[in-house]
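Geometric and topological summary
Listed here are the chains, written in short residue letters.
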Amino acid sequence: MIGVVQCNARGVPLKQFPVIFENVPCEKPKNKAKCEFTRTFKINFNDLIKYQNAVLATFFDVHEDGLVDILLVREISAEPHVPRKYGAFAVQNSPDYDANFMKVMVLSGNPCPKCTSSDGIPYGSILPGAVIQYTMTTEAGDQERSIAGQLQRTAFQAMDLPYVIFGIGQSPNFVETLTVSVYPTASIPRSHEWLQIIPNSQILVVPDPLDKDWMWKAKLYLTPSKARRSEEHTSELQSHHD
């Protein structure tokens with residue numbers, strides 16, 4: 001996670017800058033017998049401290065390459081009796097980070113009479129509340145599962161990503177299953193599973209019709225290498241039906 005903190009020490013001007021909350025394994029606390037959970041957040045104060053006067057911070061994939069960059073809103077005019085001015089800035093992630101990803105965006109599937117699509121699919125807009133999960137086998141042979149929600153919050157100036165990016169490490173294996181659920185009920189599951197997803201791919205899911213999950217569509221966009229970054233390869237994903 002990312003946020004903005006204020007540091008106010010005696011005799012030191014107020015500092016306001018972004019910090020990163022790193023998801024790390026929980027070490028045994030000194031005053032407790034064990035950790036309540038296996039993982040916890042550790043605040044990284046150092047990497048972004050030079051970006052002073054920040055008021056908002058969020059992650060965003062600026063170059064659409066699966067690397068999560070950072071967008072900042074900073075105050076650029078702090079003179080007294082002068083209206084405040086703000087500017088937007090981007091902090092690029094290191095392109096040399098050697099890890100795989102899977103990027104998933106779930107759309108509403110609402111038709112747009114004035115929109116034209118060559119494939120006839122009603123893409124619609126971003127769908128809040130969709131639940132996305134995947135399973136895969138790691139290099140060590142262990143089963144890995146991760147789950148995330150798309151746009152699960154909209155209040156309190158939250159600037160969440162309009163998609164979900166999973167970091168899947170350096171494993172060369174395919175993602176075995178990708179499951180998307182949209183507003184399930186006891187009688188209507190509204191869930192669809194796709195098989196054998198290629199790493200470093202971006203996937204668009206269109207849950208249309210909403211109550212007929214076996215008809216949901218997904219498109220995979222693959223960028224094989226930096227040398228061919230301008231080329232996108234699309235394919236329909238294989239579905240799994242019980």
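Everything below is about the structure shown above.
Here's what I pulled together on the structure shown here.

Conventions we followed
All chains use their own residue numbering, which begins from 1 and follows the written sequence. Owing to the predicted nature of the model, reporting of local features is limited to residues with pLDDT of at least 70; listing and counting of side-chain atom pairs is limited to 80 or more, with chain, interface and lining totals taken over all residues. Just so you know, side-chain values use all the structure's heavy atoms and leave hydrogens and water out. Counting from the N terminus, the helices are the DSSP runs of H or I reaching at least four residues and the strands are the DSSP runs of E reaching at least two. Only protein chains enter the calculation, and the probe is 1.4 Å; a residue is then buried if its accessible area is under 20% of its type maximum, exposed if over 50%, and partly exposed in between. The contact criterion used is simple: two residues touch if any of their non-hydrogen atoms lie within 4.5 Å. Note on areas: Shrake-Rupley, 1.4 Å probe, and residue coverage restricted to the protein chains presented here. For the purposes of these results, a polar contact is taken to be a pair of N or O atoms within 3.5 Å, where, inside protein, one atom must be able to donate a hydrogen and its partner to accept one; residues adjacent in sequence count only when each atom of the pair is a side-chain atom. Here, any two strands with at least 2 DSSP bridges between them count as paired. Here the axes come from fitting lines to C-alpha atoms, over the contacting stretch only for helices, and the angles between their N-to-C directions go from 0 to 180 degrees. The term salt bridge refers to a pairing of a side-chain nitrogen on Lys or Arg with a carboxyl oxygen on Asp or Glu at a separation within 4 Å.

**Side note on the overall build of the protein chain**
Helix and strand counts for the protein chain come out as zero helices and 16 strands. Counting over 242 residues, the protein chain shows a buried share of 31%. For the protein chain, restricting intrachain contacts to residue pairs at least 6 apart in sequence, the fraction spanning at least 24 positions comes to 45%. For the protein chain, the accessible surface area stands at approximately 15600 Å², while carbon and sulfur atoms represent 54% of it.

**Digging into the side chain of Asn 44**
Mapping Asn 44 onto the fold places it in strand β3 (residues 39–44). Residue classification places Asn 44 among the buried positions, given a relative accessible area of 13%. Side-chain polar atoms of Asn 44 contact the side chain of Glu 22, separated by 2.8 Å. Setting aside residues up to four positions removed in sequence, Asn 44 forms contacts with Val 19, Ile 20 and Glu 22.

**Focus on the environment of Asn 53**
Mapped onto the fold, Asn 53 is located in the loop between β3 and β4 (54–60). A relative accessible area of 40% means that Asn 53 is categorised as partly exposed. Distance from Asn 53 to Ile 76, taken between C-alpha atoms, is 7.6 Å for residues 23 residues apart in sequence.

**Digging into the sheet that holds strand β1 (residues 2–7)**
One open sheet accounts for three strands, arranged β1-β2-β3; its pairing is antiparallel. Every interior strand has two partners, whereas the edge strands, β1 and β3, have only one. This sheet shows a mean twist of 40° between the axes of neighbouring strands, independent of strand direction. The pairing of strand β2 (residues 15–25) with β3 spans six bridges and is antiparallel.

**Examining the pattern of salt bridges**
This structure, assessed with the given rule, holds four salt bridges. The residue Asp 61 makes a salt bridge to Lys 103 at a minimum N-O spacing of 3.0 Å. A residue pair is termed long-range when its members are at least 10 positions apart, and Asp 61 in the loop between β4 and β5 (69–77) and Lys 103 in strand β7 (residues 100–106) qualify at 42 residues. For the pair Asp 61 and Lys 103, a shared accessibility class is recorded, and that class is buried. Ionic pairing is found between Asp 211 and Arg 190, a salt bridge with its closest N-O pair at 2.7 Å. Highlighted residues: Asp 211 in the loop between β13 (201–206) and β14 (217–222) and Arg 190 in the loop between β11 (175–181) and β12 (191–197), separated in sequence by 21 residues.

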